[in-house]
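Take a look at the letters that make up each chain.
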Amino acid sequence: MHAMKSTGLGRSNIARSLPALVVLLVLAYLVLVPLGILVISSLTPSGLPFDAGWTLLNYLQVYGDPEFWSMVWITLRFAVGSMFWALLLGVALAWLVERTDLPAKTPIRVLLTLPMAIPPFLLAIGWILLLSPRIGVINVFLRDTLGLEQAPFNIYSVTGMVFVQALSLVPSTFLILSPAFRNMDPSLEEAAMTSGANRYRIFARIFVPLLAPAVLAAATFMLMVGFLVFDIPGTLGMPVNIFVLSSRILYLATDTAGGMSAYHVISTISVFFLAILLLQAWGYQRLTRNASRFVTVTGKNFRPRLSRLGRWKWVALGFVGLYFMLATVIPLAMLGWTSLMPWMMPPSLEAAMQASWANHMAFFTDPLTLTALGNSLLIGVVASTVVAAFSVLISWIVVRRRGVTGKLVDFLAFLPIAIPGTMIGVALIYVYLNMPLLNIYGSVWIIAIAYVTTYIPFGTRTTNGVLMQLHRELEEAARTSGAGWWRVMRRVVMPLALPAALAVWIWVIAHCMRELSSALLLQGGGNQTLPVVLWNFWVGGEPNKAAAVGIWLVVLVFVTMLVWQWAGARKMRNAQ
């Protein structure tokens, strides 16, 4: 009898541990295997992971090259510069919307999130059409009007890269900081005012300490993004040989570099890149974890104390409008104009006579764009579904299984936030070129795997909070009624976590539709996505076709974001 009880207990423990073990194995396969092969590749003479021989010469060659450190310095300038300006604009906008009597706040919130529907490399293309020294509309106008010999602006520069990247980061910064501004208890300010403190002392003694964790977390996240991104540095920097770490990796991994890919150099640069990003990810996790110590929201209802703008109200509205024009209206208008032209022509009444829908009609008739559209939708649906379901399972393990297992799962799920799309693409090339049993190289499935790996951190950060709010008594009651683990997950956990999973699904599919770097590295004969086709049109000297594809790509992402906004508003109404 005792033996039977021991056997039953052992089976029960195995059944409870099996989901965590399976999740650990899947995460290790998705994250650790590609990174491990990347590190191994940096130690082989050829840079191919399964070639014979070991060497440290790759590190001496790459890290001993002054050009490498010059590239690191450019990467740092780009990341810090874009972070600084995005943070400055994001803080100003969050304060205006949440802490002042600015009118039309609801429409302004919507306007400030709309730039997220524009893929960053498309925003860069829009500003190339405006500020290119050769064809930029603004430069051509100023040169002809003022009789200048040279163009006054040059978007193909580190300054241009910082400018466009900062514009693209402001919506994310605003969304991160808005809750921190909104949730500050006004009783703290009232107590300080009662004690005789002036507004400057209130700002220094109350606002700064309460906002510091959120601002530092936002700054760290934006700095990570500055190191990770390829889109804008690749679009604005590569044509004039200005490289950051991510664009250099892609340049060396494609035919752009000429000849065979320099895998040994790619791997060695990637190891350095990974070390920096892991350090930043660790700092970000610490900051976001410690931010909960500064929460001031209580169970009582309150409204934040609003500052009166007075006659500055119109200046504030002008500031919001200027940002929206720079980040959305002007570049999109230029893309729209270019998409209607048979060739590059500056806006004029004479050129308007040449406008036609030919490039847009080609989007719906060209087999290349139709295939790319189908690939983008298929990859987006598969990746978002896997990320949403897998995130709920990961969060359940992290929340319910304390100790080493939960921490290890949480660490592996968070780790990809420090891995740029270019590095994931290179790592997957290494893996699947050397795995004949799983022949998916050059197919849509390898891109789907890259997207699943990339977006797991966002999914788990979203679902972790929801799972923490679900009391374990609901699951215990189901088990007492005889339900097994799978039935508890299917009938209790998943239905309660469905709103968060839906939000993750919509967010991921929207980002899959606009992702470029890993899809560009992993493109094959028939797995091209819309962003890759757009990129190939652009670099292939067909800007008008690229602009038309870009307009429809924005429409697709915008519709997806509208669904996301609608789902979020419905969730808030149901919670009230």
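The structure presented is a predicted model; accordingly, all values stated were derived computationally and were not measured.

The rules behind these values
- Residues numbered from 1 in each chain as written.
- Predicted model: local features only at pLDDT ≥ 70, side-chain atom pairs only at ≥ 80, totals over all residues.
- Heavy atoms only, no water.
- Helix = DSSP H or I, 4+ residues; strand = E, 2+ residues; numbered from the N terminus.
- Buried < 20%, exposed > 50% of the residue type's maximum accessible area, 1.4 Å probe, protein only.
- Areas by Shrake-Rupley, 256 points an atom, 1.4 Å probe, with all protein chains shown as cover.
- Patch = residues over 30% accessible without salt bridge, like charges linked within 9 Å, V, L, I, M, F, W, Y side chains within 5 Å.
- Salt bridge = Lys/Arg side-chain N within 4 Å of Asp/Glu carboxyl O.
- Expected span 1.5 Å × (residues − 1).
- Phe/Tyr/Trp six-rings, centres within 6.5 Å; stacked < 30°, edge-to-face > 60°.
- Polar contact = N/O pair within 3.5 Å; in protein donor to acceptor, adjacent residues only side chain to side chain.
- Contact = heavy atoms within 4.5 Å.
- Core = buried A, V, L, I, M, F, W, Y, C linked by side-chain atoms within 4.5 Å.

1. Quick word on the overall build of the chain
Link 1 in the chain: Across its full length, the chain carries 24 helices and zero strands.
Link 2 in the chain: Across the 576 residues that make up the chain, the buried fraction comes to 51%.
Link 3 in the chain: For the chain, the accessible area works out to roughly 27600 Å², and carbon and sulfur atoms hold 67% of it.

2. A closer look at a nonpolar patch on the surface
Link 1 in the chain: A cluster of nonpolar side chains, namely L18, V22 and V26, defines an oily patch on the protein surface of about 220 Å² accessible area.
Link 2 in the chain: Topologically, L18 is positioned in helix α1 (residues 2–41).
Link 3 in the chain: Here L18 falls in the partly exposed class, since its relative accessible area comes to 46%.

3. What about helix α5 (residues 120–131)?
Link 1 in the chain: Helix length check: α5, at 12 residues, gives a terminal C-alpha distance of 16 Å against a target of 16 Å (1.5 Å per residue), a fit within 8%.
Link 2 in the chain: Counting buried residues in α5 gives 12 out of 12 residues, a clear majority hidden from the surface.
Link 3 in the chain: For α5, the full list of buried residues reads P120, F121, L122, L123, A124, I125, G126, W127, I128, L129, L130 and L131.

4. Section: the packing of aromatic side chains
Link 1 in the chain: Tallying each qualifying case throughout the model produces 17 aromatic pairs.
Link 2 in the chain: Here the aromatic rings of F364 and W552 are separated by 5.0 Å at their centres, their planes lie at 80°, and the arrangement is edge-to-face. With F364 in helix α15 (residues 358–365) and W552 in helix α24 (residues 543–575), the pair connects residues that are 188 residues apart, well separated along the chain.
Link 3 in the chain: The class of W552 is partly exposed, set by a relative accessible area of 28%.
Link 4 in the chain: Ring pairing ties together the aromatic residues Y59, Y63, F68, W69 and F272, which thus form one cluster.

5. A look at the side chain of N359
Link 1 in the chain: Secondary-structure assignment places N359 in helix α15.
Link 2 in the chain: The exposure class assigned to N359 is buried, which follows from its relative accessible area of 16%.
Link 3 in the chain: In terms of polar contacts, N359 uses its side chain to reach the backbone carbonyl oxygen of S339, at 2.9 Å.
Link 4 in the chain: Among all residues touching N359, those that are not within four sequence positions of it are T338, S339, M341, N544, K545 and A548.

6. Section: unusual backbone geometry
Link 1 in the chain: One non-glycine residue, A104, adopts positive backbone phi at about 55°.
Link 2 in the chain: Checked against the element boundaries, A104 lands in the loop between α3 (66–99) and α4 (105–113).
Link 3 in the chain: The phi dihedral of N241 falls on the positive side, at around 60°, and the residue is not glycine.
Link 4 in the chain: Its place among the elements puts N241 in the loop between α10 (231–236) and α11 (245–253).

7. Observations concerning the nonpolar core
Link 1 in the chain: Counting residues in hydrophobic clusters, the biggest one holds 172 residues, and the most contacted among them are L27, I269 and I394.
Link 2 in the chain: Tallying contributions element by element places helix α16 (residues 367–400) first for this core, with 14 residues.
Link 3 in the chain: Dropping the residues within four chain positions of it, I269 is found in contact with V62, F68, M71, L245, R248, I249 and L252.

8. As for the pattern of salt bridges
Link 1 in the chain: Per the stated rule, a full pass over the model turns up two salt bridges.
Link 2 in the chain: Its salt-bridge partner being E98, residue R109 comes within 3.2 Å of it at the nearest N-O pair. In this pair, R109 sits in helix α4 while E98 sits in helix α3, placing the two residues 11 residues apart along the sequence.
Link 3 in the chain: By relative accessible area, which is 29% here, R109 ends up partly exposed.
Link 4 in the chain: With relative accessibility at 4%, the residue E98 sits in the buried group.
Link 5 in the chain: For K545, the salt bridge goes to E542, with nearest N and O atoms at 3.2 Å.
Link 6 in the chain: K545 sits in the partly exposed class, given a relative accessible area of 31%.

9. Side note on the side chain of N375
Link 1 in the chain: Along the chain, N375 turns up in helix α16.
Link 2 in the chain: Exposure remark for N375: the relative accessible area of 9% places this residue in the buried category.
Link 3 in the chain: Beyond its immediate sequence surroundings of up to four residues, N375 is in contact with V444, G526, N527 and Q528.

10. Thoughts on the environment of L87
Link 1 in the chain: Relative to the helices and strands, L87 is located in helix α3.
Link 2 in the chain: Sequence separation between L87 and M222 is 135 residues, and the spatial gap between their C-alpha atoms is 8.1 Å.
Link 3 in the chain: Every residue in contact with L87, bar those within four places of it in the chain, is listed here: T173, L177, V215, A218 and A219.

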